[in-house]
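# Structural features, examined
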Amino acid sequence: MKHSSVLKLACAALCVALSASSPSHAADSADNWPDKPVRIIVPFAAGGSTDIVARKVAQRLGQLTNQPFVVENKPGAGGTLGAAYAKSLPADGYSLFLGTVSTQSVAPFLYKTLPYDPLKDFRGLAMIASVPNVVVVNKNLGIHDLKQMIAASRKKPGGLTYGSSGLGSSNHLATEALRATLDIPATHVPYRGSGPALTDTMAGHVDFMLDVALTSMAYVERGDVNAVAVTSRQRLAALPNVPTVAEQGFPEFEAVGWFGLFTPAHTPDARVRKIAEMVRKVVLDKDMVDYFAAQGATASGVTLKEFDDVVAADREQWGKVAQIAKIQPE
């Protein structure tokens, strides 16, 4: 009996000790993130706007945490291949996903079968920045405004050709929305990222594209392409001489995209909050705010539930655009 009582007391003491130490251990685990390298999956090719944003954020997060943040490009199928890959990675905060309006809000309307669920397979951490597109045209076409672009597209059999980051990408759908608004024919040429599409626009292999200001602005300033319009409601301070689509006779048109960080769905709450807090701190740092402004983007820092609401609202908006543009899921 005496031995049995001692054993019961020892077991009870052990249970109390374990229950007392478990929350502390969990908190330490969350607080110590990151204690090893973190990778950020980018679903588009190197050199495009998503890649540039990812590398800038990775650099700053690395400086803040003293751990490497490594960008891993997984392009293809309008970003959906990279998204499917990212969802399959461990939900531990060491594999993040740089998603966009195309992968999280638009893709469900472009594909009959999607290898991931944007709402169920990911948790939103923080929106990094919002950015409008610039309508850029091959300079040899002599097109300088939307009126000239409309005339050229109606004159050419099949219309002007345009490049995009791929089927289902945000600039693909935005261009289809613009095409419908302008009431012109146009032929889509998908690429594995905005970088290659922009290169071929400059080379004349395609006639035009909608590209985010982040990547196109330097080429506009050098005269490598003609900037015909920006897709926000207001002109960009970084491109003050380029009028909006609305200014050129289409007052209802607007197409603004965003970049945001996500993590696989089952990442623990404490870790999600920790990462979101660090990302927000980095994004709203004055140097980052100034950097994005100079590139024609707006730093956001919207996190967690508010970011989820943005994704949901955009999904509804772009679903309507897909219907208006008569895009059929493939």
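In terms of burial, strand 1 (residues 38-42) is a largely internal element, 4 of the 5 residues being buried. Read as a crossover between parallel neighbours, the route from strand 1 over helix 2 (residues 49-65) to strand 2 (residues 69-73) is right-handed. When strand 1 meets strand 3 (residues 95-100), the two strands line up parallel, connected through 3 bridges. Considered in strand 3, the bridge of Ile 40 is made with Leu 96.

So, on to the environment of Met 127. Considering the arrangement of structural elements, one finds Met 127 in strand 4 (residues 122-138). Through-space distance from the C-alpha of Met 127 to that of Ala 107 is 18 Å; in sequence the pair is 20 residues apart. Excluding residues that lie within four positions of it along the chain, Met 127 makes contacts with Trp 258, Phe 259, Gly 260, Ser 300, Gly 301, Val 302, Phe 307 and Val 310.

Let us look at the packing of aromatic side chains. When we look at a pair of aromatic rings, we describe it by the centre distance and by the angle of the planes. Under the defined criterion, the tally for this structure stands at 11 aromatic pairs. Relative to Tyr 94, the ring of Trp 33 has its centre 6.5 Å away and its plane inclined at 55°; by these criteria the two rings are tilted. Linking Trp 33 in the loop between helix 1 (2-31) and strand 1 with Tyr 94 in the loop between helix 3 (80-87) and strand 3, this pair joins segments that are 61 residues apart in sequence. Relative to Phe 262, the ring of Phe 97 lies with its centre 6.5 Å away and its plane at 50°, an arrangement referred to as tilted. Linking Phe 97 in strand 3 with Phe 262 in strand 9 (residues 256-264), this pair joins segments that are 165 residues apart in sequence.

This paragraph deals with empty space enclosed by the protein. Applying the stated criterion across every chain, the model contains 1 cavity of 30 Å³ or more. Of the voids in this model, the largest cavity is the one considered here, and its volume is about 220 Å³. In terms of lining residues, the largest cavity is bounded by 24 residues, among which Ser 49, Ser 170, Asn 171, Val 212 and Phe 259 are the most central. Elements with a minimum of two residues in the lining of the largest cavity: helix 2, helix 4 (101-106), strand 4, helix 6 (170-182), strand 7 (208-212) and strand 9. When residues of the lining of the largest cavity are assigned to their parent elements, the largest contribution, 4 residues, is made by strand 9.

Procedures and definitions
Residues numbered from 1 in each chain as written. Predicted model: local features only at pLDDT ≥ 70, side-chain atom pairs only at ≥ 80, totals over all residues. Heavy atoms only, no water. Buried < 20%, exposed > 50% of the residue type's maximum accessible area, 1.4 Å probe, protein only. Helix = DSSP H or I, 4+ residues; strand = E, 2+ residues; numbered from the N terminus. Right-handed = clockwise from strand over helix to strand, strands pointing away. Pairing = 2+ DSSP bridges. Contact = heavy atoms within 4.5 Å. Phe/Tyr/Trp six-rings, centres within 6.5 Å; stacked < 30°, edge-to-face > 60°. 1 Å grid on protein atoms, 1.4 Å probe; cavity = no way out; pocket = protein on both sides within 12 Å on 5 of 7 lines; lining within 4 Å. Points joined across faces, edges and corners; volume = space filled by probe spheres on them.

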